[in-house]
Each structure stands twice: as structure tokens, then as C-alpha cells.
Amino acid sequence: LALVSGGFDLSVGSVLGLSAVCVVVLTNNGWSVWLACIVGILVGIFCGTVNGLLIGYMNLNAFITTLGMQQMARGIVYVLTNGGSIGLQDAPGVKAFRVIGSGSIEKFPVCLVLVIIGDILVRRSGVARNVFFVGSNEKTAILSGINTRLVKTMVYVLTGALSGLAGVLTASRFGTATSSTGSGVEMTVISAAVIGGASLSGGKGSVFGSFIGILVV
């Protein structure tokens, strides 16, 4: 959706890493693993909100803004991990938490359900259609009464939330967080979306196409 809106987000990998590190660190310090997961997602939402406000309301360049967030989030990751890795210690709920990262429930691939739901919402939701309008022609969208600033802000908030969720799933899957967790993911994300039909100039793209792009990558 960031590409569809005419922008992109270079911070997704670092936000993913920061979220994963937060989950592991908080759990190891006695927090409930599920509460730590919520905090991990909230960290993603916070980073996305900062990006969105700077891009949507202050009209800063998306490349510069998200690159700055990428470096800040990665810096915090290095501080929290001391440049190394942190393993997820055994605690109440951790065993159940680790099941989430397997990607399936009773061998049923959960990701396919999420892809289908996400694709339908993007194709049918009026809010999502506004993102396409903004990406296709922002001036026309403004004249049509669309709050383009809010639309662009919410796109980055959603991107941050999903990056946070990806960090939670990463912590669950590997049971560890390192200073390099999520490094380079942003290029994989952008490549997959473009291969799947998203346009770098905005206004075009789909969730299912991005999913196919991931398989190709």
C-alpha cells in the first residue's frame, strides 16, 4: 500500500528487527510473552506513525524520512542487543508462542488466509480505494474531497503495524533476536511488490500480486 500511495518505506526491516528484539528482551525480563507481543506491535505502530506524520502532514520526502527511521531503529537494535544476539528464555506461554512462528495451525497455512482477506479488503474497501486514487493522481484526489494527508499517514501507520507483527512472528519462529534481524528485508519487500505488479510511481498493486512476488523472489 505504501507503493500504491506513491511512496515507499525503507524502514520496514529495521522496525521488524526492533519489534523482535523488544519481544525477546521484555519476555526475558519477566513480562508476559503475550504482553511483550503487544508492545512489539505498538513499537511498529509508533514508528509508522512518525513516518506517516512527517510524510503526510509535513510533506517530507518518503525516501529521506523512512531512511532516517531505518537508521534510528537499527541503532536502537544494536544498543539493545549489544551488537550480538539474545535468545528467548523459557517462561510461561513461550512454548505456545513459538507455535505461532511455524506459519500453520494443524498444518493449515495461515498466511494464505491472510493473503485472501487482505486482497479482498484492498480490492473492495472504500478506504483502500482512496489509497489508489492518491497514488494515481494526488491533485485530483484532493479536488475530489479525499483527505490525502490522512490517507498517506494511515498507510505508513499500517505499514509500521504490520512490520511490528512481522517482528513478533520472527521472534516466535527463531526464538532469538540479533543485531541483524530484519536487515535487508526492505529490498525484498519492495522487489516482491514490484514483481507482483505494484508500480513505483503509485496507483497500482495488489496483495495477491505481492504474495506471488514473494514466491518468485
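Everything below is about the structure shown above.
Residues numbered from 1 in each chain as written. Predicted model: local features only at pLDDT ≥ 70, side-chain atom pairs only at ≥ 80, totals over all residues. Heavy atoms only, no water.

Caption draft 1: Representation of helix α2 (residues 33-57) in the model. Relative to the 36 Å expected for 25 residues at 1.5 Å per residue, α2 spans 35 Å between its end C-alpha atoms, a close match to the ideal helical length. Three or more residues of α2 are buried, namely Val-33, Ala-36, Cys-37, Gly-40, Val-43, Gly-44, Cys-47, Gly-48, Asn-51, Gly-52, Ile-55 and Gly-56. Contacts from the buried residues of α2 go to α1 (12-28), α3 (62-81), α4 (94-100) and α8 (148-174). (Helix = DSSP H or I, 4+ residues; strand = E, 2+ residues; numbered from the N terminus. Expected span 1.5 Å × (residues − 1). Buried < 20%, exposed > 50% of the residue type's maximum accessible area, 1.4 Å probe, protein only. Contact = heavy atoms within 4.5 Å.)

Caption draft 2: Just unusual backbone geometry, in detail. One non-glycine residue with positive phi stands out, namely Asn-59, at about 55 degrees. As for its placement among the helices and strands, Asn-59 is situated in the loop between α2 and α3. For Asn-59, a relative accessible area of 53% gives the class exposed. In this structure, Asn-82 is a non-glycine residue whose phi angle is positive, near 55 degrees. Following the sequence through the fold, Asn-82 ends up in the loop between α3 and β1 (85-87).

Caption draft 3: Seen up close, the environment of Leu-200. With respect to the helices and strands, Leu-200 occurs in the loop between α9 (185-195) and α10 (207-216). Taking the C-alpha atoms as reference points, Leu-200 and Ala-2, 198 residues apart in sequence, are found 9.7 Å from one another. Those residues in contact with Leu-200, other than ones at most four positions away along the chain, are Leu-3, Ile-190 and Val-194.

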